[in-house]
Amino acid sequence: DLREILIGKQKNLVNAVIPDDTVSRIHARIFRKNGMYFISDMGSKNGTTVDGETLIGRDEIPLTEGARICFSNCAYLYHEDHSGGIL
């Protein structure tokens, strides 16, 4: 049950690696707050979107089941497993 996941291309700095040149070293983070998961962009060069909405600055956007997250041009779907972890 992780409380925070850092996402990016620099494997010694993050827990979730996206090996793509358009992804920043530390691109975004997903974290748990008040029983929900949120995402924020970590100042990436090419941005992060959730269901087409661009994250501005360090905005914290709540994640919902099936949300489409794009780290630059790399798209993923958000899912929680039954124990509350992130998949």
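In this report, the structure presented in the accompanying data block is examined. (Residues numbered from 1 in each chain as written. Predicted model: local features only at pLDDT ≥ 70, side-chain atom pairs only at ≥ 80, totals over all residues. Heavy atoms only, no water.)

With respect to the overall build of the protein chain
Move 1: When helices and strands are counted, the protein chain shows zero helices and nine strands.
Move 2: Secondary structure elements in the protein chain, listed N-terminal to C-terminal, are β-β-β-β-β-β-β-β-β.
Move 3: Its C-alpha radius of gyration of 12 Å places the protein chain within 12% of the 12 Å reference for a compact globule of 87 residues.
Move 4: For the protein chain, the spread of C-alpha atoms along the principal axes amounts to about 35 × 30 × 20 Å. (Helix = DSSP H or I, 4+ residues; strand = E, 2+ residues; numbered from the N terminus. Rg over C-alpha atoms; globule rule 2.2 N^0.38 Å.)

Looking at the sheet that holds strand β9 (residues 74-77)
Move 1: The antiparallel open sheet is built from four strands, whose spatial order is β6-β5-β8-β9. Every interior strand has two partners, whereas the edge strands, β6 (53-54) and β9, have only one. (Pairing = 2+ DSSP bridges.)

Section: the pattern of salt bridges
Move 1: In this structure the tally under the stated criterion is two salt bridges.
Move 2: Across the salt bridge formed by Arg 29 and Glu 4, the nearest N and O atoms sit 2.6 Å from each other. Linking Arg 29 in strand β3 (residues 28-33) with Glu 4 in strand β1 (residues 4-8), this pair joins segments that are 25 residues apart in sequence.
Move 3: Overall, Glu 4 belongs to the partly exposed group, its relative accessible area being 35%.
Move 4: Across the pair Glu 60 and Lys 33 runs a salt bridge whose closest N-O atoms are separated by 2.5 Å. Pair noted here: Glu 60 is in the loop between β6 and β7 (61-62) and Lys 33 is in strand β3, with a separation of 27 residues, a long-range link. (Salt bridge = Lys/Arg side-chain N within 4 Å of Asp/Glu carboxyl O. Buried < 20%, exposed > 50% of the residue type's maximum accessible area, 1.4 Å probe, protein only.)

Remarks on the nonpolar core
Move 1: Counting 17 residues, the largest nonpolar core has Ile 30, Ile 39, Val 50, Leu 63, Ile 69 and Phe 71 as its most contacted members.
Move 2: When contributions to this core are tallied by element, the ones reaching two or more residues are β1, β3, β4 (36-41) and β8 (68-71).
Move 3: When residues no more than four places from it in sequence are discounted, the contact partners of Phe 71 are Ile 7, Ile 18, Val 23, His 27, Ala 28, Ile 39, Gly 47, Thr 48 and Tyr 76. (Core = buried A, V, L, I, M, F, W, Y, C linked by side-chain atoms within 4.5 Å. Contact = heavy atoms within 4.5 Å.)

Describing the environment of Lys 9
Move 1: Relative to the helices and strands, Lys 9 resides in the loop between β1 and β2 (16-17).
Move 2: The exposure class of Lys 9 is partly exposed, given its relative accessible area of 33%.
Move 3: Once the C-alpha coordinates of Lys 9 and Ile 26 are considered, the two residues, 17 residues apart in sequence, prove to be 6.8 Å apart.
Move 4: Of note is the side chain of Lys 9, whose polar atom sits 3.4 Å from the backbone oxygen of Asp 21. (Polar contact = N/O pair within 3.5 Å; in protein donor to acceptor, adjacent residues only side chain to side chain.)

Description of the sheet that holds β3
Move 1: Read across the sheet, five strands follow the order β2-β1-β3-β4-β7 without closing on themselves; strand pairing throughout is mixed. Looking at the sheet topology across the chains shown, the edges are occupied by β2 and β7.
Move 2: Where β3 meets β4, six bridges bridge the pair, whose relative direction is antiparallel. Bridging across to β4, Lys 33 finds its partner in Met 36.

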